[in-house]
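Residue-level listing of the chains:
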Amino acid sequence: MATLPFLRAHRLSSEGALGIAMAAGLTAAVFILWLLGDPVVAIGFLAAGIVVGGAAVAWRALAPIAPSPVPEIDWQLVRALADESPDAIAVTDRAGRLVCANDRFEQMFAGLPTPPGLPIGEAGVGALAAAGRAAWRDGRARVDHAEVAGRAIAIDVSRTGQQQDLLVWRAASAIESDGSRALAEALSGALGKRLAGSGIMAALLTTDGRVLAADPVLRARAMGHADAPAEGADFARFLATDSRGLIRFEREGMDGNPLRLVQVPFADVEGAPILVALLDEDETPVSYGNGAAAHIRTLVQLMPLGIALVDRDGRFIEMNDAFVRAASVDRNAPPLYPGDLVVREDKAAVADAVRRFAGGGAAHVADMAVRLRDHPEEPVVLSIAGARGLGDASVVLSLKDNGEETRLKREVAQATKMQAVGQLAGGVAHDFNNILTAIIGHCDLMLMRHSPGDSDYDDIQQIRNNSNRAAGLTRQLLAFSRQQTLRPQILQLPDVVSEVSNLLKRLLGETVTLEVRHGRDLGPVRADPGQLEQVVVNLAVNARDAMLAKYPHGGGKLTIQTRSATINEIRRRGPDIMPVGEYTALEISDTGSGIPLDVLPKIFEPFFTTKEVGKGTGLGLSTVYGIVKQSGGYIFADSKPGLGATFTIYLPVHATGEVVPPRNVVAKKRPADVWGTGTVLLVEDEDMVRAVAERALTRQGYTVLTAENGEVALELIEKNPRPDLLVSDVVMPAMDGPTMARRIRLRYPDLPILFMSGYAEEQLRRSIDLENVAFIPKPFSVQQLAEAARDAFGQRE
């Protein structure tokens, strides 16, 4: 059976190997000096450690380095995000295979064809294939015009992925790609009524002059009734031109009021709709500063798209609210020129484009990718077009508000980063667990030879205590990477809070007020009660520190509340982040100093802390994040600087099962006798762990056969009588523990097995599909290993 990706062994760097070898040699030298008092032997051990470290460095330089594991992409999340887009989206891999597509893609192309082989004609397929090659090379490409089922579309291709090994194909028809569909719906609805109230007549037309949408005033004057259906009508038939070139409605005749027709360009895409506005005017032309100016400004302000008008000198004349939002314009200090909106590197290109369009030297519409001054990391598309018939205005700028799309991109990038960091943290914790197992085991063996009165006893005990502290840090790393061993139960959140309330009162002190509130009819959840208590404690300690920063002499209030989450609350969080369903919420809020907005997105990252040096490891919130995620829940942090912070945890309601009562704090009694007899086959690829485990089991009375990998273990099975117990590591090179155990079970079906690993049991159960199997997590002590072996023997009985 192949080793799962998350179970691959991690190789230490050459510097790490040298450091560990030197540290081991130094430790051994100090111990020998203490025990024997012989400095010559101690120096020999130190030199041996340096030699071993040098050999490890040389081996590291010659040995091929295994590539770091790449986090698997959550395609279900990608599909959910893609379905939120109105565009047709598909994703292909480096081999050209279609790996994901949304429903819109299937509808637009009548199935799931693999790009570039779309039903867009031979020329379109060739252009799209060239765009795909360009995207692999440059990162982005575009086909401005293609046709599917008689409809013009535009297709964007972009390279993405953790390894830049995916292509995203985004297709949209002309009426969708430039926001015209939203405009058509608005003209037929609320926007049309507002335009009518201002005396403005507007219509959205196809390239052949057919009406897509029109406001009520235009329909009333052109067709006789405000509710008359204008869709599909020939717009030119509504108008008539007199001998002087003035335009009037055909229905009103030559005695009707003359009209000014203004065309607002959108996109330089064949087949894109055209927006026209009709304004009443006198027989003599009016300037932009008179009556027409009010109409133009009203029209621009009512547009749902970000639109701004620029004069011949390149100065802003008007910009609507949508443009202000999209460009992050400060209303108290508005920019004078379009170049003031972008970063310094893009100023010249924007100014040159505005100058060309203002002078009439450019036709159609130009799209430019620019970086806004306030958001330089997210490029946006600025559309520039020449304006005619708008008085002093000579250039129209259009800017799409990409705030929601940017937010989704940022959240997906953050989720990918957290997944990658979590996998790295899990691998580091696994390797350190092996080292700590050896250190703790040797300390236990040495303590068996020293009584509390010996001079070395306290020093050995101190080493063991520090090793246990290091083991606690590795458990926090495993919690963040969602690889911690959990014991989930069906429980009520108020019971968990009640269990930890007394401890919280001692942690918070007398100056901080603790208020606990519980809602009614809470749904049960499935989680590990001990880990949930750790979540509450970590959040409470952080809240206490924040309140001490705000109230140095004491004060503040910590509120813990359990309640049922409403559907509207879940929807506000976003279906792309948290699926709609039934959740029970745990809310912990404080009145402290709050979390700065620039820090808020980073608080769950491991080793990130705002505390002073030496006052925090940066693993508290990352541990909370990992426990909540591993329990199937979601956590959100909301804060306003100076007004405190609120952490809200949502755990899904467990539909079936009985609630487990609060756990009894009385420790389970175990038999004191852990001595045993019989033969144990010990399989462990780490020499230091194997040596400790062998000595520990031998001291308990077992006969121990050792093997450094699965192949050697199978050879020992062939040469020796049947063992009484198999103790094996799970993750080993060449042949992993479960594969070896299955082959041994073919010969001895009832052989008890004890697996040990630095990974979480839940993660390993996917590969351990065997009966009568026990598990012990690393790091473990000599006593814990002896008890686990005794219990495994007891299962046989």
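Residues numbered from 1 in each chain as written. Predicted model: local features only at pLDDT ≥ 70, side-chain atom pairs only at ≥ 80, totals over all residues. Heavy atoms only, no water.

## Some points on the overall build of the chain
- Along the backbone of the chain there are 23 helices and 28 strands.
- Buried positions account for 47% of the 797 residues belonging to the chain.
- Considering only residue pairs separated by 6 or more positions, the chain has 61% of its internal contacts joining residues 24 or more positions apart.
- As displayed, the chain has an accessible area near 39,200 Å², and 54% of this comes from carbon and sulfur atoms. (Helix = DSSP H or I, 4+ residues; strand = E, 2+ residues; numbered from the N terminus. Buried < 20%, exposed > 50% of the residue type's maximum accessible area, 1.4 Å probe, protein only. Contact = heavy atoms within 4.5 Å. Areas by Shrake-Rupley, 256 points an atom, 1.4 Å probe, with all protein chains shown as cover.)

## Re the nonpolar core
- Formed by 38 residues in total, the largest nonpolar core has its most connected members in Leu 539, Ile 603, Phe 604, Ile 635, Phe 647 and Ile 649.
- Only helix H15 (493–508), strand S19 (525–527), helix H16 (529–550), strand S20 (557–564), strand S21 (583–590), helix H18 (620–630), strand S22 (634–639) and strand S23 (645–652) provide two or more residues apiece to this core.
- Phe 647 has contacts with Leu 539, Leu 586, Glu 587, Ile 588, Ile 595, Ile 603, Phe 604, Leu 621, Ile 635, Phe 636 and Ala 637, leaving out every residue within four places of it along the chain.
- The next biggest cluster of nonpolar side chains, apart from the first, holds 25 residues, and it includes Phe 316, Ala 358, Met 368 and Leu 397. (Core = buried A, V, L, I, M, F, W, Y, C linked by side-chain atoms within 4.5 Å.)

## Some points on the pattern of salt bridges
- In total, this model carries 24 salt bridges according to the counting rule given.
- One salt-bridge network, held together by shared partners, links Asp 352, Arg 355 and Arg 356. (Salt bridge = Lys/Arg side-chain N within 4 Å of Asp/Glu carboxyl O.)

## Observations concerning the sheet that holds strand S15 (residues 375–386)
- Taken together, the five strands give an open sheet; going across it, the order is S13-S12-S16-S15-S14, and neighbouring strands pair in antiparallel fashion. On the outer flanks of this sheet lie strand S13 (316–319) and strand S14 (365–372), each paired with one strand and no other. Here the strands of the sheet are splayed against their neighbours by 25° on average, with no regard to which way each runs.
- Pairing between strand S12 (residues 306–311) and S13: three bridges, direction antiparallel. In the strand pairing of S13, Ala 308 is matched with Met 319.
- Of the strands in this sheet, S12, S14, S15 and strand S16 (393–399) are in contact with helix H12 (residues 344–358), which crosses S14 at around 155°. (Pairing = 2+ DSSP bridges. Axes fitted to C-alpha atoms, helices over the stretch in contact; angles between N-to-C directions.)

## Focus on the confidence of the model for the chain
- The predicted model of the chain averages 75 in pLDDT, with 72% of residues at 70 or higher.
- Across residues 1–18 the pLDDT falls below 50, and counting only partners more than four positions away or on other chains, this stretch makes 42 contacts in the model. (pLDDT = per-residue confidence, 0-100.)

## Digging into the environment of Ala 326
- By the secondary structure assignment, Ala 326 is in helix H11 (residues 321–327).
- Along the sequence, Ala 326 and Ser 398 sit 72 residues apart, while their C-alpha atoms lie 9.8 Å from each other.

## Regarding the packing of aromatic side chains
- Within the structure shown, the criterion is met by six aromatic pairs.
- With 6.1 Å between their ring centres and 75° between their planes, Tyr 583 and Tyr 634 make a pair best called edge-to-face. Taken together, the residues span a long stretch of sequence, with Tyr 583 in strand S21 and Tyr 634 in strand S22 at a distance of 51 residues. Neither residue differs from the other here; Tyr 583 and Tyr 634 are each classed as buried.
- Between Tyr 583 and Tyr 650, the aromatic rings sit 6.4 Å apart at their centres with planes inclined by 80°, giving edge-to-face as the arrangement. (Phe/Tyr/Trp six-rings, centres within 6.5 Å; stacked < 30°, edge-to-face > 60°.)

## Observations concerning the packing of H15 against H16
- Here H15 crosses H16 at 40°, and the two axes come no closer than 9 Å. Classed by the angle they form, the pair H15 and H16 counts as oblique. Where H15 crosses over H16, the handedness of that crossing is right-handed. Facing Leu 493, Val 496, Glu 499, Val 500, Leu 503, Leu 504, Leu 507 and Leu 508 of H15, the residues of H16 in contact are Pro 529, Leu 532, Glu 533, Val 536, Val 537, Ala 540, Val 541 and Arg 544. (Parallel < 35°, antiparallel > 145°, perpendicular 65-115°, else oblique. Left-handed = near helix turned anticlockwise from the far one by under 90°.)

## A word on the side chain of Asp 590
- With respect to the helices, strands and loops of the structure, Asp 590 is situated in strand S21.
- Polar side-chain contacts of Asp 590 include one of 2.8 Å to the backbone nitrogen of Gly 592.
- The contacts of Asp 590, once residues within four sequence positions are left out, are Ala 543, Met 547, Lys 557, Leu 558, Leu 643, Gly 644 and Ala 645. (Polar contact = N/O pair within 3.5 Å; in protein donor to acceptor, adjacent residues only side chain to side chain.)

## Quick look at the packing of helix H20 (residues 710–719) against helix H21 (residues 737–747)
- Running from N to C, H20 and H21 cross one another at 15°; their axes reach a closest spacing of 10 Å. Relative to H21, the element H20 lies roughly parallel. Regarding H20 and H21, the two cross each other, and that crossing is right-handed. Contacts from Gly 710, Ala 713, Leu 714, Ile 717 and Glu 718 of H20 reach H21 at Met 740, Arg 743, Ile 744 and Arg 747.
- Tallied by class, the residues present in the contact of H20 with H21 amount to five nonpolar, one polar and three charged. (Nonpolar A, V, L, I, M, F, W, Y, C, P; charged D, E, K, R; others polar.)

## So, unusual backbone geometry
- The amide bond that connects Pro 115 to the next residue, Pro 116, takes the cis arrangement and shows omega of 5°.
- The step from Lys 778 to Pro 779 runs through a cis peptide bond, and the omega angle for that step is -5°.
- Position of Pro 779 among the secondary structure elements: in the loop between strand S28 (773–777) and helix H23 (782–796).
- Backbone geometry places Ala 110, a non-glycine residue, at a positive phi of 55°.
- Residue position: Ala 110 is located in the loop between helix H4 (103–108) and helix H5 (121–138).
- Judged by relative accessible area, which is 74%, Ala 110 ranks as exposed.
- For Gln 164, which is not a glycine, the phi torsion comes out positive at approximately 55°.

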